[in-house]
Amino acid sequence: MRKSLQALDKRCWRNDTVSIKPIETMDELIYAGYDCRLTEEQKDMVSPFWFTIGRAYLFPENNYPCIIYNEKSEAIGFINLCKWVGDEAVSWNFYIDKDHQGKGYGRSSAS
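Residues numbered from 1 in each chain as written. Predicted model: local features only at pLDDT ≥ 70, side-chain atom pairs only at ≥ 80, totals over all residues. Heavy atoms only, no water.

> What exactly am I supposed to notice about helix 3 (residues 49-58) here?
Quick reminder: α-helices carry 3.6 residues per turn. Residues three or four places apart thus point the same way. Along helix 3, the residues that are buried comprise Phe49, Thr52, Arg55 and Ala56. Along the axis of helix 3, the buried positions cluster into a sector of 135 degrees, meaning they face one direction only. Opposite the buried face of helix 3, at more than 90 degrees from it, the exposed residues are Trp50, Tyr57 and Leu58. (Buried < 20%, exposed > 50% of the residue type's maximum accessible area, 1.4 Å probe, protein only. Helix = DSSP H or I, 4+ residues; strand = E, 2+ residues; numbered from the N terminus. Arc of directions from axis to C-beta.)

So, in structure tokens, the structure goes:
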């Protein structure tokens with residue numbers, strides 16, 4: 001899965017509202033793990049960052065943690081693309097920072 005995603009044209013990772021970029025720098029890792037926040041009500045709805053990054057460390061061939069950026073290139077969320085069955089079935093675990101919710105970024109990230 002990782003090689004397939006890396007081979008995609010970078011335009012496939014972008015639409016008019018958001019772009020998705022693999023975590024590659026310490027600043028991106030810090031954003032995803034510390035700066036990107038959920039509301040208290042949402043914390044029980046998604047896997048915590050540490051669990052997702054741990055899973056990506058243990059099974060890198062099946063997980064692809066990324067940062068979601070808005071149209072202004074500001075980091076606004078976190079997404080992990082995760083292979084479940086075969087090479088074609090991919091799901092995601094993602095969330096938009098509480099300061100950027102309600103602006104359509106979640107819907108754009110999922111489409």
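On we go from here.
> What exactly am I supposed to notice about a nonpolar patch on the surface here?
A surface patch of nonpolar side chains, amounting to about 410 Å² of accessible area, comprises Met26, Leu29, Ile30 and Tyr34. Examined against the element boundaries, Leu29 turns out to sit in helix 2 (residues 26-35). (Patch = residues over 30% accessible without salt bridge, like charges linked within 9 Å, V, L, I, M, F, W, Y side chains within 5 Å. Areas by Shrake-Rupley, 256 points an atom, 1.4 Å probe, with all protein chains shown as cover. Salt bridge = Lys/Arg side-chain N within 4 Å of Asp/Glu carboxyl O.)

> When you look at helix 2 in this model, what are you seeing that I'm missing?
Where helix 2 is concerned, the buried positions are Glu28, Tyr31 and Ala32. The buried residues of helix 2 all sit within an arc of 90 degrees when viewed along its axis, so they share a single face. Turned more than 90 degrees from where helix 2 packs its buried face, Met26, Asp27 and Tyr34 sit exposed.

> Help me understand unusual backbone geometry in this model?
For residues that are not glycine, phi is negative in most cases, and the peptide bond is trans in most cases. Positive phi is not limited to glycine here, since Ser73 has a value of about 65 degrees. You can see Ser73 is positioned in the loop between strand 2 (63-70) and strand 3 (75-85). Of the residues examined, Ser73 reaches a relative accessible area of 58% and is grouped as exposed.

> Is there a simple way to think about the pattern of salt bridges in this case?
Overall, the coordinates contain 3 salt bridges when judged by the stated rule. In this structure, the salt-bridge partner of Glu24 is Lys21, at a minimum N-O distance of 3.3 Å. Overall, Glu24 belongs to the exposed group, its relative accessible area being 59%. Judged by relative accessible area, Lys21 falls into the partly exposed class, the value being 31%. One salt bridge in this structure joins Lys43 and Glu40, with 2.8 Å as the shortest N-O distance. On the basis of relative accessibility, which here comes to 58%, the residue Glu40 falls in the exposed class. Taken together, the salt bridges that share partners define one network made up of Lys21, Glu24 and Glu28.

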